[in-house]
Each structure stands twice: as C-alpha cells, then as structure tokens.
Amino acid sequence: GGTKAIRFDLALQYAEEANSKTNIEPAFVLAVLTQESNLGSNVGRCYLTNPSTGAGVNVSNGKTYPNVMKPSRDVGPFTAILDSLGLSMTSTAVSCPIAGAGGYGGAMGPAQFIPSTWKMLEGRIEAARNSSFANPWNPEDAIMASSIYLSDLGGSGTSASAQMRAACKYYGTGGSSCGYGKSVMKLKTSIQADIDFLNEYGVSRR
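Remember, it's a predicted structure, so these values are computed and weren't measured experimentally.

Draft legend 1. Spotlight on unusual backbone geometry. Positive phi is not limited to glycine here, since leucine 39 has a value of about 55°. Along the chain, leucine 39 turns up in the loop between helix H2 (26-37) and strand E1 (46-50). The phi angle at asparagine 130 is positive, at roughly 55°, despite the residue not being glycine. Exposure remark for asparagine 130: the relative accessible area of 74% places this residue in the exposed category.

Here's what the structure looks like:
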C-alpha cells in the first residue's frame, strides 16, 4: 500500500502507454500526478482506524482525525480494494484531511483517487492494461487511471484551455480556471522541458 517516487523515465513510459489509449498528453498527466503526490513520493500519512466512523490517525505524529474517510461513500470500496490486494486497513496509508479545507481525506496512491472513484474506473483500467486487477498504488495503474479520468473530463488532445478545465474538475472545483489547474499547467511546461531533455540526451535531469 505504499509507494516510492516513480522514476521519471518510467513515469514517462507509463504516460506514453496511457496516451495510446486515452490521447492524454504525457506531460499533462505527469503534471497532475506531480501536483497530487510528487510522482508518488507522498501518497498520504494516515491510516483508517475506525471504518464505522471514518476516523483515523496520522502515522507520523499520532494526530487523530474524525474524517480520514467518508464511511458511507468510501470505506466499503476501500476495504474491497484492500481485500483484493491482500493489504491491511491499519497499515495502508491514505491521505489525511487537509486542514482548513473541510471534507475528508482517504485518497490512495500516486494519483490520489478516493476509493469510490477508483472502483468506478477499475474495470476500464484493467481492460486498458490487460491486467486481472487494478492497484491504486501501482504506478502504471495510477497513471492509466488518471489518464482515463482526465479524458472523461475533457482533457484529451493538446488544448490548454481544455486541459485547464479537466484539471479543475479532477480536483473537484470545476470551472474554466482554478488555482489547482494553474499549478498543473505550470508544472506541465516544466515537465515537457524535462521530457524533451530526456528524449534528446537519453538521460533524465530529474
């Protein structure tokens, strides 16, 4: 249930594979994953400790939260995902709630999907990757899932305005512009430069 940062050349390979299925630009999906988890280096620090209430604890500092996961929406899908992967609820990290933002944590893996959304996409991820099960903590599955979802949100192709709207919807704000989307598009420019460098020189500068 944990991940390390995805090596950039591998992340690009996975994004290019996803592009062939979804027409989502590699730099765009990698920008989203960089925004979400710094390419998998920060997938969350909370454990769900009470599936009935959604309460949990920050494993780094012991702080408890009443809202690590929304019980009516996500606990059931979360436990189903864990059961299919042979993972334990009390040792699988998810995102903590964001202080001052309200709402719940509970997002999983490099792409930071909440469990109910992951389950909604699960069959399509498996079909796209020709795999028997989709794992939110697997980098290839996470990048494919993000690409599929961004495509559903209208982010296919090369239109910057369409990508901006899709990024805002990915974050849950909607609209034609948002702070999250602006950050993603700025990251995309930097990541495209890194892709160009890797393609030209055969080594990653990340």
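Draft legend 2. Inspection of the packing of helix H4 (residues 115-129) against helix H5 (residues 139-152) at higher detail. Between H4 and H5, the least distance of the axes is 9 Å, while the angle of their chain directions is 110°. As summarised for this structure, H4 and H5 are arranged roughly perpendicular, according to the angle between their axes. The segment H4 lies against H5, with Thr117, Trp118, Leu121, Arg124, Ile125, Ala128 and Arg129 engaging Glu140, Asp141, Ala142, Met144, Ala145, Ile148, Tyr149 and Asp152. Of the residues in the contact of H4 with H5, the class split is 9 nonpolar, 1 polar and 5 charged.

Draft legend 3. Representation of the sheet that holds strand E3 (residues 64-65). A sheet is described by the order of its strands in space; here 3 strands give the open sequence E1-E2-E3, paired in antiparallel fashion. In this open sheet, the two edge strands, each paired with only one partner strand, are E1 and E3. Sheet topology places strand E2 (residues 55-58) next to E3; 2 bridges connect them, and they run antiparallel. In the sheet register, glycine 56 faces E3, and the bridge partner there is tyrosine 65.

Draft legend 4. Quick peek at the pattern of salt bridges. For the structure on display, the rule yields 9 salt bridges. Among the ionic pairs, lysine 188 bridges to glutamate 25, the shortest N-O distance being 2.8 Å. You can see lysine 188 sitting in helix H7 (residues 179-201) and its partner glutamate 25 sitting in the loop between helix H1 (8-22) and H2, a full 163 residues away along the chain. Across this residue pair, the class does not change: lysine 188 and glutamate 25 are buried. Beyond isolated ion pairs, a larger network of salt bridges with shared partners links Arg129, Glu140 and Asp141.

Draft legend 5. Fine view of the pairing of E2. Summarising the sheet, E1 and E2 pair through 4 bridges and their orientation is antiparallel. Its bridge partner lying in E2, leucine 48 is registered against glycine 56. Two successive antiparallel strands, E1 and E2, enclose a turn made up of 4 residues, where glycine 54 displays a positive phi of approximately 85°. Adjacent in sequence and paired antiparallel, E2 and E3 are bridged by 5 residues, among which glycine 62 carries a positive phi angle near 80°.

Draft legend 6. How the structure looks around the packing of aromatic side chains. With the rule as written, the count across this model stands at 6 aromatic pairs. Between the aromatic rings of phenylalanine 113 and tryptophan 118, the centroid separation amounts to 5.7 Å while the plane-to-plane angle is 65°, which identifies the pairing as edge-to-face. There is no split in this pair, since phenylalanine 113 and tryptophan 118 are both buried. Measuring from ring centre to ring centre gives 4.7 Å for phenylalanine 197 and tyrosine 201, while their planes differ by 45°; the resulting arrangement is tilted. In this pair, phenylalanine 197 and tyrosine 201 are both assigned in helix H7, 4 residues apart and thus about one turn of the helix distant.

About the thresholds
- Residues numbered from 1 in each chain as written.
- Predicted model: local features only at pLDDT ≥ 70, side-chain atom pairs only at ≥ 80, totals over all residues.
- Heavy atoms only, no water.
- Helix = DSSP H or I, 4+ residues; strand = E, 2+ residues; numbered from the N terminus.
- Buried < 20%, exposed > 50% of the residue type's maximum accessible area, 1.4 Å probe, protein only.
- Axes fitted to C-alpha atoms, helices over the stretch in contact; angles between N-to-C directions.
- Parallel < 35°, antiparallel > 145°, perpendicular 65-115°, else oblique.
- Contact = heavy atoms within 4.5 Å.
- Nonpolar A, V, L, I, M, F, W, Y, C, P; charged D, E, K, R; others polar.
- Pairing = 2+ DSSP bridges.
- Salt bridge = Lys/Arg side-chain N within 4 Å of Asp/Glu carboxyl O.
- Phe/Tyr/Trp six-rings, centres within 6.5 Å; stacked < 30°, edge-to-face > 60°.

By themselves, these observations are geometric and do not establish any function.
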